[in-house]
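Listed below, chain by chain, are the residues.
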Amino acid sequence: MNIRLFKPSFGDEELTAVQGCFDRSWVGLGNNVNEFEKQWKEKLGCEEAIALNSATAALHLALACMKLPKGSKVLVNALTFASSATAILYNDLVPVFVDSDPETLGMSFEDLQAKYTDDCSAIVVVHYSGHPSPVDKIVPWAKEKGIKVVEDCAHTTGPMYKGKRLGLWGDIGCYSFEEKKLMTTGDGGMLCSNDSELVKDMKALRWVGIDKDNWKTAQKYTDNSVDSMHWFYEISVLGFKYNMNDLAASIGLVQLAKLDQMNQNRSGTIRKYVDGLVSSKTVKPMLPYNPEDFVYQVFAVRTKYKHELILFLKEHGVATGCHYTPLTMQPLFEKYEGECPIAEAAYEELVTLPLHSDLTDEEVNYVIEKLLEFDAKYS
Ligand SMILES: *Cc1c(COP(=O)(O)O)cnc(C)c1O
């Protein structure tokens, strides 16, 4: 056996879609990107969806468009991928790390309240591993304080949570299509919002300040000769080179059509893992997984024998990982505020197991068998 931790799921359909771009000789920002955005908007039921080349770019621009006071503080989960917090630094803002809820390991609402100070201007809340952080409490609380909320949805594709989709609770939601995520475009991301005014410059921000749709408003240049001005654009904001391209979007359109099925496969795998581990004493599911209601990018277990389990599974051809080293423990972030003892203690016990939509029953059963074998040795 040789079982991968993550794996994108591709078929001939993706190749055909890419071939279509080659045949049209159009691989840059184009109509596939528009179509992909349109379909995401429909899928989530949101007002705005802007396709970017990563979720990291989405997080950067989400905070940028909020025009937060330089040097103000942004509260963010400690147990997350680097980008959730590097986006804060890109904007000359200061991260304050919020500890995990001991059960779900998502953002702790209690610790969020405890870490809040008057110079906080926003929250980046991560739906860690796909399990909802309590945005039903966080968002109304943030509104009361007058601070913005960005949802980092890199581990989810926006299922319903208490009547609203994950990613649409806050002001902006950021999704990832990196190769290990729930669906992929190679690299890619989507920024979603119901606040059209807030994200009105987003198309310019993603393409070095150019928003071709705005050129029509530039009366002063175009009055004399509209027809000869097809090349015209106006730059009025400092933008970045963060757009998605048509090659990536063509893959995204196919992946989006398969997403429900891929998510169902992953949920089935998680259900098997959870059921398979019921009798285990030393290896326990990391969270109270609810794969019937939510989608998960990561499946992990907690064990006192982390290193032993990783070596044991390695020996038997099962890949493992650890998501994540809390950012409070990373050299870049050590100097920032926010003690997070729960996240740091959880990290000592976390082992990520294989989860992707092409895992076979045979492979999942094999991993469970090995976990139970390990448990028998250590309990
Ligand atoms: C993967 C990930 C990101 C960044 O996504 P990219 O599309 O690779 O930039 C951000 N936040 C979290 C929690 C992630 O796991």
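Computed from a predicted structure; not experimentally measured.

Undergrad: Whenever I open this one, the UniProt feature "active site" (unreviewed entry) in the protein chain confuses me. Can you help?
TA: Residues given the UniProt feature "active site" (unreviewed entry) here are Lys 181. Note that Lys 181 resides in the loop between β8 (172-176) and β9 (189-193).

Undergrad: Looking at this structure, I do not really get unusual backbone geometry. What am I missing?
TA: Across the chain, the bulk of peptide bonds are trans and the bulk of non-glycine residues have phi less than zero. Of note, the bond from His 323 into Tyr 324 is cis; its omega dihedral lies within 30 degrees of zero at 10°. With respect to the helices and strands, Tyr 324 occurs in the loop between α10 (306-315) and α11 (341-347). Of note, the phi angle at Val 208 is positive, near 40°, even though the residue is not glycine. With respect to the helices, strands and loops of the structure, Val 208 is situated in the loop between α7 (202-205) and α8 (219-222).

Undergrad: Help me understand empty space enclosed by the protein, please; the structure alone is not making it clear to me.
TA: It is the rolling of a water-molecule-sized probe over the atoms that shows where space remains empty. Overall, the coordinates contain two cavities of 30 Å³ or more when judged by the stated rule. Estimated volume of the largest cavity: approximately 80 Å³. Contributing to the lining of the largest cavity are 16 residues, with Lys 7, Pro 8, Lys 181, Leu 182 and Arg 266 lying nearest its centre. A volume near 30 Å³ is recorded for the second largest cavity. Every residue along the wall of the second largest cavity is listed here: Ala 154, Thr 156, Thr 157, Tyr 175, Ser 176, Phe 177, Lys 181, Leu 182 and Met 183. Across the lining of the second largest cavity, the residue classes break down as five nonpolar, three polar and one charged.

Undergrad: I'm lost on the layout of surface pockets in this one. Help?
TA: Empty space within the largest pocket amounts to approximately 370 Å³. Here the element with the most residues in the lining of the largest pocket is helix α3 (residues 55-65); it accounts for four residues.

Undergrad: Any chance you could explain the side chain of Glu 14 here in plain terms?
TA: You can see Glu 14 is positioned in helix α1 (residues 12-24). The buried category is assigned to Glu 14, whose relative accessible area is 4%. Dropping the residues within four chain positions of it, Glu 14 is found in contact with Ser 9, Ile 251, Val 254, Gln 255 and Lys 258.

Rules of the game
Residues numbered from 1 in each chain as written. Predicted model: local features only at pLDDT ≥ 70, side-chain atom pairs only at ≥ 80, totals over all residues. Heavy atoms only, no water. UniProt positions renumbered as here; feature names shortened; annotations may be inferred. Helix = DSSP H or I, 4+ residues; strand = E, 2+ residues; numbered from the N terminus. 1 Å grid on protein atoms, 1.4 Å probe; cavity = no way out; pocket = protein on both sides within 12 Å on 5 of 7 lines; lining within 4 Å. Points joined across faces, edges and corners; volume = space filled by probe spheres on them. Nonpolar A, V, L, I, M, F, W, Y, C, P; charged D, E, K, R; others polar. Buried < 20%, exposed > 50% of the residue type's maximum accessible area, 1.4 Å probe, protein only. Contact = heavy atoms within 4.5 Å.

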